[in-house]
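Letter by letter, the chains look like this.
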Amino acid sequence: MPPPPPPDLPLQPRGLSAAEAARRLDELGRNELERAEVTPVWRILARQFASPLIALLVVAAGVSAAVGESIDAVAIGAIVLLNGVVGFFQEHRAERAVFALRAMTSPRARVLRDGRPTVIPAAEVVPGDMLLLEAGDVVAADARLLEAHSLSTQEATLTGESHPVEKSTEPAPADAPLAERRDRVFNGTAVARGTGIAEVEATGMRTELGRIAHLLASATREATPLQVRLAAVSHTLLWLCLVVVALVAVLGWVRGAPALDVLLMSISLAVAAVPEGLPAVVTIALAVGVQRMARRNVLVRRLQAVETLGAATVICTDKTGTLTTGHMTVREVWGADHHAVLGAAAACCDAEPPVGDPTEVAIVEAARARGIERREIERTNPRVEEHPFDSERKRMSIRRKDGVLYVKGSVDGLLPLCVAGTEGAEAANVEMANDALRVLAVAVGEGTEERDLRLVGLLGLADPPRTEAIEAIATAREAGIKTVVITGDHPVTAHAIAREMGILTAGEAPEGRVHARVTPEDKLRIVRDWKARGDIVAMTGDGVNDAPALREAHIGVAMGRTGTEVTREAADLVLADDNFASIVAAVGEGRAIYDNIRKTVLYLLTGNAAELLVVLGSLAVGLPMPLLPLQILWINLVTDGLPALALVMDPPDPDVLRRPPRSPDLPMLGARSWGVILARATLEAAVVVGIFAATLDARGLDDARSLAFSTLVFAELFRAFAFRSPRKVLFEVGAFTNLLLVGVVAVSAAVQVALYHVPIVAFLLHLRPIGARDHMIAVGLGLVPVTVIEVMKLLRRAWRPGR
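Residues numbered from 1 in each chain as written. Predicted model: local features only at pLDDT ≥ 70, side-chain atom pairs only at ≥ 80, totals over all residues. Heavy atoms only, no water.

J.: Help me out: how do you make sense of the nonpolar core in this one?
T.: Across soluble globular proteins, nonpolar side chains show a tendency to be buried alongside one another. Ranked by size, the top nonpolar core spans 106 residues in total, and within it Leu309, Ile555, Phe580, Ile597 and Met668 carry the most contacts. Excluding residues within four positions of it along the chain, Met668 makes contact with Leu226, Arg229, Leu230, Val233, Tyr594, Ile597, Arg598, Val601 and Ser673. Within the second largest apolar cluster, 27 residues are counted, among which are Cys349, Ala362, Val364 and Leu440. (Core = buried A, V, L, I, M, F, W, Y, C linked by side-chain atoms within 4.5 Å. Buried < 20%, exposed > 50% of the residue type's maximum accessible area, 1.4 Å probe, protein only. Contact = heavy atoms within 4.5 Å.)

J.: Can you help me understand the sheet that holds strand 19 (residues 537-541) in this one?
T.: Whenever strands of a sheet pair, they do so through backbone hydrogen bonds, lying parallel or antiparallel. Taken in spatial order, the seven strands of this open sheet run 8-21-20-19-9-17-18, and their pairing is mixed. Each having just a single partner strand, strand 8 (298-300) and strand 18 (514-515) make up the two edges of the open sheet. Note that strand 9 (residues 314-317) and strand 17 (residues 482-486) share four bridges and pair parallel. Bridge pairing links Cys316 to Val484 in strand 17. Lying over the sheet, helix 22 (residues 580-620) contacts strand 8, strand 9, strand 17, strand 19, strand 20 (555-559) and strand 21 (573-575), oriented at roughly 160 degrees with respect to strand 9. (Pairing = 2+ DSSP bridges. Helix = DSSP H or I, 4+ residues; strand = E, 2+ residues; numbered from the N terminus. Axes fitted to C-alpha atoms, helices over the stretch in contact; angles between N-to-C directions.)

J.: Looking at this model, I keep getting lost on the packing of helix 25 (residues 671-699) against helix 26 (residues 701-722). Mind explaining?
T.: A pair of packed helices is captured by two measures, namely the crossing angle of their axes and the spacing between those axes. Where helix 25 contacts helix 26, the two axes come as close as 8 Å, and the packing angle between them is 155 degrees. As summarised for this structure, helix 25 and helix 26 are arranged roughly antiparallel, according to the angle between their axes. Helix 25 and helix 26 meet at a crossing whose hand is right-handed. Across the interface between the two elements, Arg680, Glu684, Val687, Val688, Ile691, Phe692, Thr695, Leu696 and Arg699 from helix 25 touch Leu701, Asp703, Ala704, Arg705, Leu707, Ala708, Thr711, Leu712, Ala715, Glu716, Arg719 and Ala722 from helix 26. Considered class by class, the residues forming the contact of helix 25 with helix 26 number twelve nonpolar, two polar and seven charged. (Parallel < 35°, antiparallel > 145°, perpendicular 65-115°, else oblique. Left-handed = near helix turned anticlockwise from the far one by under 90°. Nonpolar A, V, L, I, M, F, W, Y, C, P; charged D, E, K, R; others polar.)

J.: Would you mind showing me how to read the side chain of Arg724 here?
T.: Mapped onto the fold, Arg724 is located in the loop between helix 26 and helix 27 (730-733). Within polar-contact distance, the side chain of Arg724 engages the backbone oxygen of Gly734 at 2.8 Å. With residues near it in sequence (within four places) discarded, Arg724 still touches Lys599, Leu647, Asp650, Pro651, Val733, Gly734, Ala735, Thr737, Asn738 and Leu741. (Polar contact = N/O pair within 3.5 Å; in protein donor to acceptor, adjacent residues only side chain to side chain.)

J.: I keep staring at helix 17 (residues 467-478) and nothing clicks. Help me out?
T.: Along an α-helix, residues three or four positions apart point the same way, because every turn accommodates 3.6 residues. For helix 17, with twelve residues, the first-to-last C-alpha span of 17 Å sits near the 16 Å given by 1.5 Å per residue. Burial in helix 17 covers these residues: Ala469, Ala472, Ile473 and Ala476. One face of helix 17 carries all of its buried residues, which in axial projection span an arc of 105 degrees. Exposed residues pointing more than 90 degrees away from the buried face of helix 17 are listed as Thr467 and Glu471. In this structure, the buried residues of helix 17 make contact with strand 17 and helix 22. Remark: Gly480 follows helix 17 within two positions and exhibits a positive phi of approximately 80 degrees. (Expected span 1.5 Å × (residues − 1). Arc of directions from axis to C-beta.)

As structure tokens, then:
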């Protein structure tokens, strides 16, 4: 919980004395955010080796080393180490969010001390200090305004409000939302215009920025769906290994085999049961996803988030700059002469695009589109007198050399001063306001006084929606993903943009889909509510107020252009173009990555199960060991591993965003998947055991083992093509849409043939050289399982259309 606020402090008309300031600094502490607790490097590194699968590999490596299988032990250890190092560097980069929050605070501040303006380090500002504010300053603490002269501040980082907030000394209600506290300025916000004097009320962790730092520290980051699913697979494999070891022990005991032989058989089967290449395959799949997402303008900071985005069922998004262009434009003009309306409005502007107040920049750009140049107005009709914008008058005016007074401001502030041209203006104002447009009135008059004016027209301004974002929201809806708007803007504006973009459709209740005027606590609560319903939540944001919710969400997405360093450090992904369409495109990439990981896991486990069944089946019928431990490791790491790496790079299915998101509760491998693994592994094992038994009787153990090894390798290489799609056969998927897989299978097949004819390799793998006829037999038998699988796909589709 944050510390209690300081006691009420008396106003000092001349500012604090140096002595009093020093006393308060000593009593209340420095104006700094608390340092976040840093996770030790050793703990981050240790976490990389905490998964059951890694533990299983470590045990396998240890046992292999203990019984003299040093090559097996070194190979498995290298895989474990590589996986840990990659994970360490990914996580170590994500430990810096609160440090970025500290960097947002102002380094220096101008205050009144002993009646004189003084520049001091912002860390030494104390409650009761008088802040002197002017355009460009970063506010050093939370403070109450005593004086405000055309003062406005940019508070988007705290409130999400897209426009500069006009400030005044008029007290705001005690329970007013942060975005409506016009009599306060806040730590870390910037002065956009004007000057002011404010009395500091809160410093350090007692400020609104400090409150967000507390929320950021309280937000939790859970394991990703992929991590949860892989952990479940790992636990299953662990039990499978224990069952296999027990089964081998029983078979060995029944057959009266020596204890050492039983132990060696157990090790070989344990090695066969564990997919050593799986951690590397998953890491490479995610790394490939990083590259693909980068092409979609999505930069990945946390590797596991690549896949998690594909599981998203809800995208909570900011409005300004993400759904909209982030650039104010004139969207409607009302008046008898639109050219005259824009000309008069441009004559009452100070901005020169792209520099200046966003509203004025929009007016000048709209006027330029009609051939009206503000610079030309200044050259031919220079200003003579100016009345700057004032939050109480709600207007500004410029008198030029031609004697005309050009005035623009709010409709309620300007219309009462007009004596002509007002017919229909009220109705037009209401209509524009209902469309969530910001309405400005433009008038002209004679002389120097803002009275007896003639209304020229009205301008309706807004930040327009991105066309591509509208299409992306429709795509997300088709993909079963709910879009939720969370913004600091006014509710009318938020609902209008949601309707325009198709987030709210006719007859749909808005509850839960649009949230306006939200606080950082609100955003955190909204994310937690969706998570409590079982949804996988992606959250976008650009301001400091978004950082806690980004950290809490399953996938935090920061804006790259407009976002603060705080949000980027708290996020998993960064949008380089701040565009909602990029998120939806990245969802498709994430789904494709999960599909590829899942098909690769199925492929690897089917191979491992086939190896188990080959050994167990041979032992069960009284045959000797058909495969040796190093041969099994060769298959797992090289023959299985290389096709798996190619399989995990498969291009996305064209229908990837036309199907609903997978259920968060659905395991990676359900009962049906394990059934597929068992059926295909049994088919493959039957072919291998058959050729082993036949050759054993005819030619002896060494030839039989060599031919069985080659047959199993070819069967596993060719079977990779069958795993590219669970429903489509190879000619529908396109054999050459994954040239890498074609090349890997071809090269691996050539290497497999060469193994038998390189003496040192043949010696290490205990292989007997075989001739061309045997190689052809192995290739032919290796094609049997993949052919049966592809035929079964066609039969199943004919039997159950649409499945």
